[in-house]
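Coordinate inspection notes
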Amino acid sequence: MTDDMKRLLPLAAAALLVAGCGLKTATYSDDQVMPLAEGQTDSLALSVSVEYPVKGAPEEAMDRMTTGILSAAFDLEEEPGTVEETALRYEENLKDEYFNELEGAVPGEGRSWEDRVNGYFSGKYKGFYSYMIEYFGFRGGAHGISTMTPIVFDAKTGNVVPEESFFAEGYLAPVGGLIRKHLPAALDNNEEMLSDLFEPDLVGPNGNYEVTREGTTWYYQPYDIAPYYVGVISVTVPWSELAPYVRK
């Protein structure tokens, strides 16, 4: 079986599955481990899994959602191609970068890289879909970096909805207070983590938000508001408290 056939099998198997948000989706998926040189344990491990809509919304809306997903998942500045074309281009660029930088290097610590992209629809609230992109990258050194980046889409148009468009004018200060109120519980009231927050009194809306049935969740990447060891911080504020600040 060729590599291309292996790549297409997961996509075909996942087609027309109903996502939790009500859309019918497909998933492009690929996993590879490539040794730096024959007989070496140093390698590039890459994993890509990207869910995208195929039914359940207007065609133009699904096209816009897919464009938004690919642009965010693969950090694109240019217009993406098809899902498979864009993912394969990302993978090929990563392979070139790895082998060009490390080929011929003496085997040893830090010669292996990892790159994992996982994108999926994570929830729905009224006329909005939430999508999550989880990323892990390791390029040697003490540790890799993990991030969680949500996107909110308008279900009818497929447009990305910025935080300031979802919430009403003047929301920043009161919603910031609500986030800070729920921050200790988000960290399991861990005294060490709470004491290590950089500027806890300034934590607030950061544009990195997700909407679900329960409420709105804000995500803070490593080093945003706390040291690396705390990891990605997610703080959820329920709709019952956010109702006055959401655009009608």
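These lines cover the structure that appears in this document, whether it is placed above or below. (Residues numbered from 1 in each chain as written. Predicted model: local features only at pLDDT ≥ 70, side-chain atom pairs only at ≥ 80, totals over all residues. Heavy atoms only, no water.)

**A few points about the overall build of the chain**
Check the secondary structure of the chain and you find seven helices and nine strands. Across the 248 residues that make up the chain, the buried fraction comes to 44%. Looking at the chain alone, contacts between residues at least 24 apart form 57% of all its contacts between residues at least 6 apart. Put simply, the chain shows about 12900 Å² of open surface, and 51% of that area lies on carbon and sulfur atoms. (Helix = DSSP H or I, 4+ residues; strand = E, 2+ residues; numbered from the N terminus. Buried < 20%, exposed > 50% of the residue type's maximum accessible area, 1.4 Å probe, protein only. Contact = heavy atoms within 4.5 Å. Areas by Shrake-Rupley, 256 points an atom, 1.4 Å probe, with all protein chains shown as cover.)

**Focus on the sheet that holds strand 8 (residues 215–220)**
Read across the sheet, three strands follow the order 7-8-9 without closing on themselves; strand pairing throughout is antiparallel. Every other strand in the sheet has two partners, leaving strand 7 (209–211) and strand 9 (233–238) as the edge strands with one partner each. Strand-to-strand, the axes of this sheet are offset by a mean angle of 20°, without reference to chain direction. The strands touched by helix 5 (residues 172–186) are strand 8 and strand 9; relative to strand 9, the strand with the most contacts, the crossing angle is about 120°. (Pairing = 2+ DSSP bridges. Axes fitted to C-alpha atoms, helices over the stretch in contact; angles between N-to-C directions.)

**Some remarks on the packing of aromatic side chains**
Going through the model one piece at a time under the given rule, you end up with 14 aromatic pairs. Ring pairing ties together the aromatic residues Tyr125, Phe128, Phe166, Phe167, Tyr171, Tyr209, Trp218 and Trp239, which thus form one cluster. (Phe/Tyr/Trp six-rings, centres within 6.5 Å; stacked < 30°, edge-to-face > 60°.)

**Side note on the pairing of strand 9**
Residues Ile233, Val235 and Val237 point to one face of strand 9 and are all buried, whereas Ser234, Thr236 and Pro238, pointing to the other face, are not buried. Of the strand pairs in this sheet, strand 8 and strand 9 are connected by six bridges, and their pairing is antiparallel. Bridged to Tyr219 within strand 9 is Ser234.

**With respect to unusual backbone geometry**
If a residue is not glycine, its phi is most likely negative; likewise, a peptide bond is most likely trans. You will see that Asp188, though not glycine, has its phi angle at about 55°, which is positive. Topologically, Asp188 is positioned in the loop between helix 5 and helix 6 (191–195). Of note in this structure, Tyr223 is not a glycine but carries a positive phi near 80°. Mapped onto the elements, Tyr223 comes out in the loop between strand 8 and strand 9.

**Quick word on the pattern of salt bridges**
Taken as a whole, this structure holds six salt bridges when the rule is applied. Glu92 is the salt-bridge partner of Lys95, the closest N and O atoms lying 3.1 Å from each other. Residue Lys95 and its partner Glu92 are located together in helix 3 (residues 83–102), separated by three residues, close to a single helical turn. Overall, the relative accessible area of 39% leaves Glu92 in the partly exposed class. The partner of Arg116 in a salt bridge is Glu114, with the nearest N and O atoms 3.0 Å apart. Overall, Arg116 belongs to the partly exposed group, its relative accessible area being 33%. (Salt bridge = Lys/Arg side-chain N within 4 Å of Asp/Glu carboxyl O.)

**Overview of helix 2 (residues 59–73)**
Between the first and last C-alpha of helix 2 there are 21 Å, a value that for 15 residues agrees with the 21 Å anticipated at 1.5 Å per step. The set of residues buried in helix 2 consists of Ala61, Met62, Met65, Thr66, Gly68, Ile69, Leu70 and Ala73. Close packing links the buried residues of helix 2 with strand 3 (43–55), helix 3, strand 4 (113–125), strand 5 (128–138) and strand 6 (145–154). Remark: Asp75 follows helix 2 within two positions and exhibits a positive phi of approximately 55°. (Expected span 1.5 Å × (residues − 1).)

**Describing the environment of Tyr223**
Since its relative accessible area comes to 45%, Tyr223 is described here as partly exposed. Counting along the chain gives 26 residues from Tyr223 to Leu197, while the straight-line C-alpha distance between them is 9.5 Å. Filtering out sequence-adjacent residues up to four positions away, Tyr223 remains in contact with His143, Ile145, Phe198 and Tyr228.

**Observations concerning helix 3**
Taking 1.5 Å per residue as the helical rise, helix 3 with its 20 residues ought to reach 28 Å, and the 29 Å between its terminal C-alpha atoms agrees with that figure. Three or more residues of helix 3 are buried, namely Val83, Thr86, Ala87, Tyr90, Glu91, Leu94, Lys95, Tyr98, Phe99 and Leu102. Just downstream of helix 3 lies Gly104, where phi reads positive at about 90°.

**Things to note about the side chain of Asp115**
Tracing the sequence through the fold places Asp115 in strand 4. Overall, the relative accessible area of 1% leaves Asp115 in the buried class. Contacts of Asp115, omitting those with residues within four sequence positions, involve Ala45, Leu46, Ser47, Tyr90, Leu94, Tyr135, Phe136 and Arg139.

**A look at the environment of Val50**
For Val50, the position within the fold is in strand 3. Using a relative accessible area of 1% as the deciding quantity, one classes Val50 as buried. In this structure, the C-alpha to C-alpha distance between Val50 and Ser29, residues 21 residues apart in sequence, is 6.5 Å.

The quantities given are spatial measurements derived from coordinates; they are silent on function.
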